[in-house]
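Now for the letters of each chain:
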Amino acid sequence: MSTAVAASPVFVPAARDRATAWVAAGALGALAVVPWGLEGGAPALLLALRGGISASVLVALTLAALVSAWRGNDRATAASSGLAVVWAFAAGFAAGPRGASLGIGAAMALLALTACFARAIARRGAFKGDPTVATIVVVIATLLAIFIFFPVGKVLSAALFDERGAFAPGLAAARLFASDIWEIQCLTGGVHCGVAINSAILATLVGLLSTFVGLVLALVVQRGGRRYAAVTKVMSILPIVTPPFVIALALVVLFGRTGIATTLLNDWFAIPRSRWLYGLPGVTLAQLLTFSPIAFLLLHGALAAISPALEEAAQTLRASRWRIFRTVTLPLLRPALANAFLLGFVESLADFGNPIVLAG
C-alpha cells in the first residue's frame, strides 16, 4: 500500500512578470510625478531632463527594470533595480549634507525598486519562490540596514578618528582597554571595579535571582494550586508594561533617605537612615522586580508543557517531593532555566533606567 506524499510547491515563473512590471512602473511614475526632495522641488525625471547625471542614471536603471520585468528577464530585473537603489544612496552620500535630500518621491521610488528586486530574486528560486515573503524580508532588512545598522556603525566608526578627523585606531584601542572599564580591584580586596566588571556582576546576580524567583512563582502557580493563579499572572505582567525607571522611582520614594519606609523605621524603631539603596543593592532589587515576571512567564509555560504523568510515576515509586523535583522536574526544566537566566542577564545589561536613577 503506497501513500501519496504531497510535493512541495515549486514556483514556476511565467514568461512575463506583470506584477513586478507594475511595481517598476509605479517606481517610474514616482520618479516622474512626485518631488524627489523633502523641500518639494522637481521630480527626478525633470532633474534628469535638466542634465542631472545621478537622476539620469536612476531613471535609466528604473526604466531598464521595467522593461526587464515585462520581458520576464528576472536576472536583469534584479540587477537593474538593485543597482538603482544602491546608486540613489551612493549619490546621496557623495553629495553630502548640501546635496538634494531624499523626500517622499525618493521613498516611494526606492521602496518600489526594492520590491522589484525582491520579487525578481524570488522568481529565480530565493525564499522558495514566494514573492510575498521575499518582499517582506528584503524590505525589512533594507530598513534595518538604513535606520539601525548604518547609524550604529557610524557612531562606532567615529571612535577610530581623532578630533581632527585623522584615522587613529590606537585611541579606540586605548579607550576600549582602559582601566576604568576592566578594573578588578573590588574582587581583590579593593574598592572600585571597572564598568564592564560591575555590569557583569550585576547581570549575573539579576539573572540568577530572577530565575530563582520566577521558578518559585511558577511552581506555586502551576503545581501548588490554581487559587491565586489569575492574580499572579496579572501581577506578573504589570512590571513588564511599566517603564523600568518607574520601579526605581518607587524604591526611592519608599526606601530613600527621606522615603516613607525609611522615615517610619527611623521614627518607630530608631533605625538610622542610610544610602544602601543607591548602588548595587538598589539596582539589583529594581532589576529583580522588573525581570522576574519575564522569567516567571517563561518557566510557567515550560512547567505547563511537562507531562504530569512523569511526576505521578515517580510518586507511585514512593519518591519524596524533593527527589521528584531534583530527578524529574528540574532536568526537564534545564533548557527553560538557561533561557530565563540568559534573558535576565541580557536584559540587565541593556537596562538604562534603573542604574541611572539608583546608581547615577
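Cut-off values and rules
- Residues numbered from 1 in each chain as written.
- Predicted model: local features only at pLDDT ≥ 70, side-chain atom pairs only at ≥ 80, totals over all residues.
- Heavy atoms only, no water.
- Salt bridge = Lys/Arg side-chain N within 4 Å of Asp/Glu carboxyl O.
- Helix = DSSP H or I, 4+ residues; strand = E, 2+ residues; numbered from the N terminus.
- Polar contact = N/O pair within 3.5 Å; in protein donor to acceptor, adjacent residues only side chain to side chain.
- Contact = heavy atoms within 4.5 Å.
- Axes fitted to C-alpha atoms, helices over the stretch in contact; angles between N-to-C directions.
- Parallel < 35°, antiparallel > 145°, perpendicular 65-115°, else oblique.
- Left-handed = near helix turned anticlockwise from the far one by under 90°.

## Quick word on the pattern of salt bridges
Phase 1: The tally for this structure, following the rule as stated, stands at two salt bridges.
Phase 2: Of the charged contacts, one joins Arg-123 and Asp-74 as a salt bridge, the two residues approaching to 2.6 Å between their closest N and O atoms. Here Arg-123, found in helix α5 (residues 104-123), pairs with Asp-74, found in helix α4 (residues 74-95); they are 49 residues apart in sequence, far enough to count as distant.
Phase 3: Here Arg-175 and Asp-180 are joined by a salt bridge, their closest N and O atoms 3.1 Å apart.

## Here's the deal with the side chain of Thr-62
Phase 1: Relative to the helices and strands, Thr-62 resides in helix α3 (residues 53-71).
Phase 2: Here the side chain of Thr-62 touches Leu-58 through a polar contact of 2.8 Å, landing on its backbone oxygen.
Phase 3: The residues contacting Thr-62, other than those within four sequence positions of it, are Ala-24, Ala-27, Leu-28, Leu-31, Ala-84 and Leu-113.

## Concerning the packing of helix α1 (residues 18-33) against α3
Phase 1: Where α1 meets α3, the axes come as close as 8 Å, and the angle between the chain directions of the two elements is 160°. Taken together, the axes of α1 and α3 are roughly antiparallel relative to one another. Considering only the axes of α1 and α3, their crossing is left-handed. Here Arg-18, Thr-20, Ala-21, Ala-24, Ala-25, Ala-27, Leu-28 and Leu-31 of α1 come into contact with α3, specifically with Leu-58, Val-59, Thr-62, Leu-63, Ala-65, Leu-66, Ala-69 and Trp-70.

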